[in-house]
Amino acid sequence: SYPIAPFAYENLPRKVLCTKTTMGYYPKHISFMLTPYENRYIDGLGTKNHLKQTFISPQKNLAGISIYFSNFGQQVKSNYDLVLYDHTCHKQLQRIGLSEKKIIDNRYYLIPVKTIRGSSHREYCFEIVPSKGNPVQSPLAVQLSKPHIYEDGKAILNGVLLAEDVVFELEYK
């Protein structure tokens, strides 16, 4: 469909606008409009709290997950990993270390994953856990969204389904 004024392309035939390049366009960044809500967060990741978030990848070539972290103005003192699972939330696909020095309070942190070419319309699950052999309590938390915003996934805290979701975005190649 053509855009409406003032963005309409006047006097251009459809075949000029609808090319393989324009029809095959995929954005490199997907936001689900999840934003932190009322400073609701989950801390104690992988120690006292086990939080998993499921999602459906809307396109192919999944290459990263950006998560909105809070560290309450303190330095994160222990190492964490993002664990990416298949749709069951049990079969581990990738485990990626986070750089605690790059985690900035109340900001997204992009965690690159090995590109998953066939990710389109597939369900995945992730969680943040302490690195192996490093279960130290640290001031790291993930922020939660307003309830019932993201319908294509769910957050599960200690085995209980939440109405909120982890605030995250996806990156693609």
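Please refer to the structure higher up on the page.
Per-chain numbering applies: the sequence of each chain, read as written, is numbered from 1 onward. Reporting in this predicted model follows two pLDDT cut-offs: at least 70 for local features of residues, and 80 or more for side-chain atom pairs to be given and counted; totals over whole chains, interfaces and linings ignore these cut-offs and use all residues. Based on all heavy atoms of the structure, the side-chain values leave hydrogens and waters out of the count.

Draft legend 1. Representation of the overall build of the protein within the structure. Think of it this way: any DSSP run of H or I at least four residues long counts as a helix, any run of E at least two long counts as a strand, and we number them from the N terminus. Broken down by element type, the protein carries 2 helices and 12 strands. Exposed residues in this analysis have more than 50% of their type's maximum accessible area, buried residues have under 20%, and partly exposed residues fall in between, with area computed by a 1.4 Å probe over protein chains only. The 173 residues of the protein split such that 43% are buried. We call two residues contacting when some pair of their heavy atoms lies within 4.5 Å. In the protein, the proportion of contacts linking residues at least 24 apart, taken out of those at least 6 apart, comes to 80%. Computed with a 1.4 Å probe, the accessible areas rest on the Shrake-Rupley method; for each residue, only the protein chains presented here act as cover. Just so you have it, the protein exposes about 10,100 Å², and 54% of that area is on carbon and sulfur atoms.

Draft legend 2. Inspection of the sheet that holds strand β8 (residues 123–130) at higher detail. Spatial strand order, β6-β5-β8-β3-β10-β11: 6 strands in an open sheet with antiparallel pairing. Each end of this open sheet is capped by a strand with a single partner; those strands are β6 (92–97) and β11 (160–161). One ladder, built from 5 bridges, connects strand β5 (residues 80–85) with β6; its direction is antiparallel. In the sheet register, L84 faces β6, and the bridge partner there is Q94. Strand pairing is assigned whenever DSSP identifies at least 2 bridges connecting the two strands.

Draft legend 3. Up close: the state of the cysteines. The disulfide criterion used throughout: a pair of cysteine sulfur atoms within 2.5 Å. This model, assessed by the stated rule, comprises 1 disulfide. Put simply, C89 and C125 are joined by a disulfide, and their sulfur atoms are 2.2 Å apart. Every disulfide takes its handedness from the sign of the S-S torsion; for C89 and C125 that torsion is 105°, giving right-handed. Of this pair, C89 sits in the loop between β5 and β6 while C125 sits in strand β8, placing them 36 residues apart in sequence. C125 carries the same exposure label as C89, and that label is buried.

Draft legend 4. Representation of the nonpolar core in the model. We define a nonpolar core as any set of buried Ala, Val, Leu, Ile, Met, Phe, Trp, Tyr and Cys residues linked to one another through side-chain atoms lying within 4.5 Å. Formed by 37 residues in total, the largest nonpolar core has its most connected members in F55, I67, L82 and F168. Secondary-structure elements contributing two or more residues to this core are β3 (51–56), β4 (62–70), β5, β7 (107–116), β8, β10 (155–157) and β12 (168–172). Ranked by the residues each element gives to this core, the list is headed by β4, at 5 residues. Listed in part, the 5 residues of the second largest apolar core include V83, Y85, C89 and V129.

Draft legend 5. Representation of unusual backbone geometry in the model. In this structure, M33 is a non-glycine residue whose phi angle is positive, near 60°. The topology assignment puts M33 in the loop between β1 (29–31) and β2 (41–43). Look at E38: it is not a glycine, yet its phi comes out positive at around 50°. Take E38: its relative accessible area is 59%, and that puts it in the exposed class.

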